[in-house]
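# Inside the fold
The primary structure of each chain is shown beneath.
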Amino acid sequence: MVPRQGVTVLAQLTAGAYGTGWAYYATSVVVTLALGLAANTSFGGLPVLMSLLARDNRLPHLFALRAERPVHRYGVLALAVLSCALLIAVNADTQRLIPLFAVGVFVGFTISQSGLVRHWATVRPAGWVPRAVINGVGAVLTAVAAVVLLTSKFLAGAWFVALIVPLLMLLFSRIQRYYTLAGVELGLRRMPAVPARASSLVIVPLGEVDAVAERAVTAALSLGDEVVVVAAFSDQAKAAAMRADWARWDPGVRLDIVESPQHSLVHPVLGYVGRPRRQAGGRTHPSGGARPPPLSHPAEPTRHPAGRRVERAH
């Protein structure tokens, strides 16, 4: 048997054993299915591993999410993207990936066997010494094989493993540190203080007295202890008309009118909210506390799917 371009060694062995008849093609189909299942093991195992790392705060928690079906879709997508990047990097020449695969396999075996040795030495069940010896010998053998492959195939692509493994360890430690700091800020795993009620101020920007104003003020009264309505006008006549309509309606809520020389609503209202603290009616407003007061703006008319115009609160 002589290696030939375009024909795999397995295909040559099959042709030599069965000829090129139906048995040859049946064997080729079986081999193709077996290789497909072998390739699928990565998509079945690595997303689960990434979800476990995410639960241990060593990867973003996004990878721990699952869809309605028991599939970690983000891990599958990440693996697909990385696989495509590797194929593009080697120009689809899978022979260049063999050293990378071999070193990665033996490094993984070494880590897993070493972890089992530590497990047996920590738990120490009955008969743990022979098991630890077997796993220790396996760890030594796979470590030697990994070192030999790494040194002999370093320039052939094994250097990538020597580079990516420390970078992954650094990435895991940085992500874990981030989640640790976030947990401290959020007070995880500790009893929080008893909630205390604080007074709140709700500012409602309005332009006229109508049904929308009634709904906005009603919603604001249900949200805060004090409600202030703010109206911005550039025309003094419209401002006076607003004051008169508000006095006739008298909803029991204070009305403040601010000038808007640029015919704008947003900037005058934001300036009102950020105004330094001042006393009005015996209470401090609008920004006397550490938190900004909530804003409630009126409903926006939209068209109902059946064709009727309705008011939708934002």
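Criteria and thresholds
Residues numbered from 1 in each chain as written. Predicted model: local features only at pLDDT ≥ 70, side-chain atom pairs only at ≥ 80, totals over all residues. Heavy atoms only, no water. Salt bridge = Lys/Arg side-chain N within 4 Å of Asp/Glu carboxyl O. Helix = DSSP H or I, 4+ residues; strand = E, 2+ residues; numbered from the N terminus. Buried < 20%, exposed > 50% of the residue type's maximum accessible area, 1.4 Å probe, protein only. Phe/Tyr/Trp six-rings, centres within 6.5 Å; stacked < 30°, edge-to-face > 60°. Expected span 1.5 Å × (residues − 1). Contact = heavy atoms within 4.5 Å. Pairing = 2+ DSSP bridges. Axes fitted to C-alpha atoms, helices over the stretch in contact; angles between N-to-C directions. Parallel < 35°, antiparallel > 145°, perpendicular 65-115°, else oblique. Left-handed = near helix turned anticlockwise from the far one by under 90°. Nonpolar A, V, L, I, M, F, W, Y, C, P; charged D, E, K, R; others polar.

### Considering the pattern of salt bridges
Scanning all chains against the criterion turns up three salt bridges. Salt-bridge contacts for Glu226 lead to Arg254; the nearest nitrogen and oxygen are separated by 3.2 Å. Residue Glu226 is located in strand 2 (residues 226–233), and its partner Arg254 is located in strand 3 (residues 254–259); the two are separated by 28 residues in the primary sequence. Note on Glu226: relative accessible area 10%, which makes it buried. Asp245 is the partner of Arg248 in a salt bridge, and the nearest nitrogen-oxygen pair spans 2.1 Å. In this pair, Arg248 and Asp245 both sit in helix 8 (residues 236–249), three residues apart, roughly one turn of the helix.

### Concerning the packing of aromatic side chains
Across all of its chains, the model carries four aromatic pairs by this definition. Between Tyr24 and Tyr25, the ring centres sit 5.3 Å apart and the planes meet at 80°, which makes this aromatic pair edge-to-face. Given a relative accessible area of 18%, Tyr24 falls into the buried group. The interplanar angle of 85° and the centroid separation of 5.9 Å between the aromatic rings of Trp159 and Phe160 together place this pair among those described as edge-to-face.

### Comments concerning helix 6 (residues 154–186)
Each α-helix winds once per 3.6 residues, and so residues spaced three or four apart point in a common direction. Taking 1.5 Å per residue as the helical rise, helix 6 with its 33 residues ought to reach 48 Å, and the 46 Å between its terminal C-alpha atoms agrees with that figure. Here the buried face of helix 6 lies against helix 4 (98–123) and helix 5 (128–152). Once helix 6 finishes, Gly187 follows within two positions and takes phi at roughly 70°, a positive value.

### A word on the sheet that holds strand 1 (residues 201–205)
Strand order in this open sheet of three strands is 1-2-3, and the pairing throughout is parallel. The open sheet has two free edges, formed respectively by strand 1 and strand 3, since each of these has just one partner strand. Across the sheet, the mean angle from the axis of one strand to that of its neighbour is 30°, orientation sign disregarded. The pairing of strand 2 with strand 3 spans six bridges and is parallel. Residue Val229 lies in a different strand from strand 3, and its bridge partner there is Leu255. Along the sheet, helix 7 (residues 211–223) contacts strand 1 and strand 2; its crossing angle with strand 1, the most-contacted strand, is approximately 170°. Against the sheet, helix 8 contacts strand 2 and strand 3, and its axis sits at roughly 175° relative to strand 3.

### Some words on the packing of helix 4 against helix 6
The axes of two packed helices give the description: the angle between them and the distance between them. The interhelical angle for the contact between helix 4 and helix 6, taken along N-to-C directions, is 45°, at an axis separation of 7 Å. The angle between helix 4 and helix 6 falls in the class oblique. Of the two possible hands of crossing, helix 4 and helix 6 adopt the one that is right-handed. Between helix 4, through Pro99, Leu100 and Val103, and helix 6, the contact on the second element is made entirely by Ala156, Gly157, Ala158, Phe160 and Val161. In the contact of helix 4 with helix 6, the residues fall into seven nonpolar, one polar and no charged.

So yeah, pure geometry; function would need other evidence.
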